[in-house]
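What the coordinates show
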Amino acid sequence: MSRRRARTVASVSSLAAIAVVFIVMMILLDGVAAVPRLAISTGLAMWRSPAQISDDSYNDDAEDKVRSCRRIVDEISSQGHSLHSASMKSLVQQIPKVVPDLLDRVKRASPSSLYSSASQLEGHLRSLSGVVSTYCDVEEHPSYYKQPDEVLLEGEQATRRFLDFAVDSIRLINQGDLAEYRANLATVAPPEMPVLAIEEK
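The paragraphs below set out a description of the structure included in this document. What you are looking at is a predicted structure, and each value in this text was computed from that prediction instead of being measured.

Turning to the overall build of the chain, a few remarks are in order. If you tally the helices and strands in the chain, you get seven helices and zero strands. Ordered by position from the N terminus, the helices and strands of the chain form the series α-α-α-α-α-α-α. Of all intrachain contacts in the chain linking residues separated by at least 6 positions in sequence, the fraction that spans at least 24 positions is 76%. Of the roughly 11,800 Å² of accessible surface on the chain, a fraction of 55% belongs to carbon and sulfur atoms.

Structure (structure tokens):
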């Protein structure tokens, strides 16, 4: 069942529940004047306005994006177990701490921008996952690539730039400079490896 249809069903169910409460209380209290007031208060407690439903929809979509970011972070963390480079492994190990912290702070400071922030971070994290995956492959098969040391260096630099961006974003949010944070998020380039050329045999 789609989320929108589920909300419609939930609203109809709420109205049905209100009607049942009203009828039961009419029977139990023999139609005293308190029943209409009770029914109204029950209805207000159970009914959600279109604006509230819209807010719920936004919050659900934003949380979906946050969960997607966290899944990619878990993938990157798992990839990091295969790394040989101590410096690259140290960078990758910071990602599961920094990225969730960033998302949590965005949610607290500016919940209305959580969806857009998480969407943009999701794209950067997918690129970063590709960087780490390729880095692992270059480490395992250096002969498959031209200038593997240079490729590894650029991959590590790309990972460091992403972490620097994430930490800088947290600092901006802590300072209340959300406009500058959004501008940085919109303009920062995703982490990428250089064009990888396979060594010709």
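Text resumes after the structure shown.
With respect to the helices, strands and loops of the structure, His 81 is situated in the loop between α3 (50-80) and α4 (86-109). Sequence spacing of His 81 and Val 92 is 11 residues, and the spatial spacing of their C-alpha atoms is 9.3 Å.

With that settled, consider the nonpolar core. Core analysis: the largest hydrophobic core is formed by 39 residues, its most contacted members being Ile 76, Leu 102 and Leu 125. Among the secondary structure elements, those contributing two or more residues to this core are α3, α4, α5 (114-140), α6 (148-174) and α7 (178-187). It is α5 that provides the largest number of residues to this core, a total of 10 residues. Non-local contacts of Leu 125, meaning those with residues more than four positions away in its chain, are made with Cys 69, Ile 72, Val 73, Ile 76, Val 99 and Phe 162.

So, on to the environment of Gln 157. The residue Gln 157 is located in helix α6 in this model. Separated by 69 residues in the primary sequence, Gln 157 and Met 88 have C-alpha atoms spaced 9.1 Å apart.

Right, let's get into the packing of α4 against α5. Remark: α4 packs on α5, axes separated minimally by 11 Å, with the N-to-C direction vectors making an angle of 170°. Judged by the angle between their axes, α4 and α5 are roughly antiparallel. Between α4 and α5, the contacting residues are Met 88, Val 92, Ile 95, Val 99, Leu 102, Leu 103, Val 106 and Lys 107 on the first element and Leu 114, Ser 117, Ala 118, Leu 121, Leu 125, Leu 128, Val 132 and Tyr 135 on the second. In the contact of α4 with α5, the residues fall into 14 nonpolar, one polar and one charged.

Definitions and cut-offs
- Residues numbered from 1 in each chain as written.
- Predicted model: local features only at pLDDT ≥ 70, side-chain atom pairs only at ≥ 80, totals over all residues.
- Heavy atoms only, no water.
- Helix = DSSP H or I, 4+ residues; strand = E, 2+ residues; numbered from the N terminus.
- Contact = heavy atoms within 4.5 Å.
- Areas by Shrake-Rupley, 256 points an atom, 1.4 Å probe, with all protein chains shown as cover.
- Core = buried A, V, L, I, M, F, W, Y, C linked by side-chain atoms within 4.5 Å.
- Buried < 20%, exposed > 50% of the residue type's maximum accessible area, 1.4 Å probe, protein only.
- Axes fitted to C-alpha atoms, helices over the stretch in contact; angles between N-to-C directions.
- Parallel < 35°, antiparallel > 145°, perpendicular 65-115°, else oblique.
- Nonpolar A, V, L, I, M, F, W, Y, C, P; charged D, E, K, R; others polar.

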